[in-house]
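Listed below, chain by chain, are the residues.
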Amino acid sequence: MDVRAAVAFEAGKPLEITTVQLDGPKEGEVMVEVKATGICHTDEFTLSGADPEGIFPSILGHEGAGVVVEVGPGVTSLKTGDHVIPLYTPECRQCPSCLSQKTNLCTAIRSTQGQGLMPDGTSRFSLNGERLHHYMGTSTFANFTVLPEIALAKVREDAPFDKICYIGCGVTTGIGAVVNTAKVEPGATAIVFGLGGIGLNVIQGLRLVGADMIVGVDLNNAKKEWGERFGMTHFVNPKEIGEELVPYLVDLTKRGADQIGGADYTFDCTGNVTVMRQALEACHRGWGQSIVIGVAPAGAEISTRPFQLVTGRVWKGTAFGGARGRTDVPRIVDWYMDGKIEIDPMITHTLALDEINKGFDLMHAGQSIRSVVVY
Ligand SMILES: [Zn+2]
Ligand SMILES: [Zn+2]
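Caption draft 1: The arrangement of the coordination of the zinc ion (ligand 1) in detail. For the zinc ion (ligand 1), the protein coordination sphere consists of Cys40 (SG), His62 (NE2) and Cys169 (SG), at 2.0 to 2.2 Å. Of note, the donors binding the zinc ion (ligand 1) are all from one chain and are spaced C-x21-H-x106-C. Of this pair, Cys40 sits in the loop between strand 3 (29-39) and helix 1 (41-48) while His62 sits in the loop between helix 1 and strand 4 (64-71), placing them 22 residues apart in sequence. Exposure class is identical for Cys40 and His62. Each is buried.

Caption draft 2: Quick peek at the sheet that holds strand 7 (residues 130-131). Taken in spatial order, the 4 strands of this open sheet run 1-2-6-7, and their pairing is antiparallel. With one partner strand each, in any of the chains shown, strand 1 (2-7) and strand 7 form the two edges of the open sheet. Direction of pairing for strand 1 relative to strand 2 (residues 16-22): antiparallel, over a ladder of 6 bridges. The partner of Ala6 across the bridge, within strand 2, is Ile17.

Caption draft 3: Region of the structure containing the packing of helix 1 against helix 12 (residues 356-364). Across the interface, helix 1 lies against helix 12 with an axial gap of 11 Å and an inter-helix angle of 100°. As judged from the angle between their axes, helix 1 and helix 12 are roughly perpendicular. Residues His41, Asp43, Glu44 and Leu47 of helix 1 touch helix 12, and the partners they reach there are Phe360, Met363 and His364. Its residues assigned to classes, the contact of helix 1 with helix 12 comprises 3 nonpolar, 2 polar and 2 charged.

Caption draft 4: Fine view of the nonpolar core. Ranked by internal contacts, the top residues of the largest apolar core, which has 83 residues, are Ile167, Leu206 and Phe267. Each of domain 1 (2-168 + 343-374) and domain 2 (174-318) accounts for three or more of the residues forming this core. When residues no more than four places from it in sequence are discounted, the contact partners of Phe267 are Ala177, Val178, Ala182, Val184, Ala190, Ile191, Val192, Phe193, Val202, Leu206, Ile291 and Ile293. Judged by nonpolar contacts, the second largest core, of 13 residues, contains Met213, Val217, Val236 and Val275.

Caption draft 5: Looking closely at the coordination of the zinc ion (ligand 2). Within the protein, Cys92 (SG), Cys95 (SG), Cys98 (SG) and Cys106 (SG) serve as the donor atoms for the zinc ion (ligand 2), at 2.3 Å. For the zinc ion (ligand 2), all donor residues lie on one chain, and their spacing in sequence is C-x2-C-x2-C-x7-C. Judged by relative accessible area, Cys106 falls into the buried class, the value being 7%.

Caption draft 6: Focus on the packing of aromatic side chains. Evaluation of the coordinates by the stated rule reveals 3 aromatic pairs. Centroid distance Phe141 to Phe360: 6.3 Å. Interplanar angle 90°. Geometry classified as edge-to-face. One end of the pair, Phe141, is in the loop between strand 7 and strand 8 (144-148); the other, Phe360, is in helix 12, and 219 residues separate them in sequence. Taking 6.4 Å as the distance between ring centres and 5° as the angle between the ring planes, the aromatic pair formed by Trp226 and Phe230 counts as stacked. When its relative accessible area of 0% is taken as the criterion, Phe230 is described as buried. Over the aromatic face of Phe230 sits the side chain of Arg229, whose NZ or CZ is 5.5 Å from the ring centroid.

Cut-offs used in this document
- Residues numbered from 1 in each chain as written.
- Chains lettered and ligands numbered in written order.
- Predicted model: local features only at pLDDT ≥ 70, side-chain atom pairs only at ≥ 80, totals over all residues.
- Heavy atoms only, no water.
- Donors = N, O, S within 2.8 Å, 3.2 Å for Na, K, Ca; no water.
- Helix = DSSP H or I, 4+ residues; strand = E, 2+ residues; numbered from the N terminus.
- Buried < 20%, exposed > 50% of the residue type's maximum accessible area, 1.4 Å probe, protein only.
- Pairing = 2+ DSSP bridges.
- Axes fitted to C-alpha atoms, helices over the stretch in contact; angles between N-to-C directions.
- Parallel < 35°, antiparallel > 145°, perpendicular 65-115°, else oblique.
- Contact = heavy atoms within 4.5 Å.
- Nonpolar A, V, L, I, M, F, W, Y, C, P; charged D, E, K, R; others polar.
- Core = buried A, V, L, I, M, F, W, Y, C linked by side-chain atoms within 4.5 Å.
- Domains from an automatic or database assignment.
- Phe/Tyr/Trp six-rings, centres within 6.5 Å; stacked < 30°, edge-to-face > 60°.
- Lys NZ or Arg CZ within 6 Å of the ring centre and 35° of its normal.

By themselves, these figures tell us nothing about what the structure is for.
Listed below in structure tokens is the structure:
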């Protein structure tokens, strides 16, 4: 069938909005009418050409929400009319990783997904007979897409697509890093580096679990108001403190009789390896955990003195907030619908598909927290 899509033909070029062909779902697959999709930094990372694993031509987009319109043979957990959020990290519940209950990094379709293909090694998208690649297994920059059943979270039907699409990446990544990866406890102190779309979701995750002190660090003073909107208690602009950042933060987080500073938890949401080191070293000795969320440039490496780890600091990373998508994403939708977390204020721009390149421009200019395309 013909569908409308924003196609990434080449790295570094704007997306082209055009009509492409989509084949129906095969065994274990589901066709979804995408109702809304966010534009995430990872789409930009790939489109820019910085992603060494980027494949072209492809249909980007991984932060969607929509409705099941057709199911292929063998699909048991979904039916036509179900509301769903696509999962770039699937949950098969059968592979060693899923069964381990120690990670959300399901391996069921990993190799083909990385090649921009469906699990049978082919693509459902084409243009005039030429293959177009899938992206992150989701390709939500098309008004219809096909995904494996295991890559769809079924969600409640009263939740608005143009808001819950953000749960498909940014919201879950930020809140999940707090709840699943760090397992932050009430009363904790935390520092969040980088107050973009992910950082703000880390902040509201920290508020959700009852952290006492939530410090936000950003070079842009305009982010102070944004952070406070979601629960940040202290703001630090490294350019304005007149001293080194790490000792400043350690001092700021001093608590208890021994007056040893450092946060119980720190979160890097910048992808900058210098900031990752600062985040680790701003942790409390003995137990502080630093969570790496940001995606670093290709080939970048992190460093610190081993002494930092020997004295009890823990360095961890997280992908998709450690969330098991089919299990955890519906719960996060409930949290939104119950008012426990906010999404609406973070969606600063709503665009039509024809305007999708404007969403990338707004991101480059730092003018948006999240732009959402509504089909
Ligand atoms: Zn994303
Ligand atoms: Zn699995």
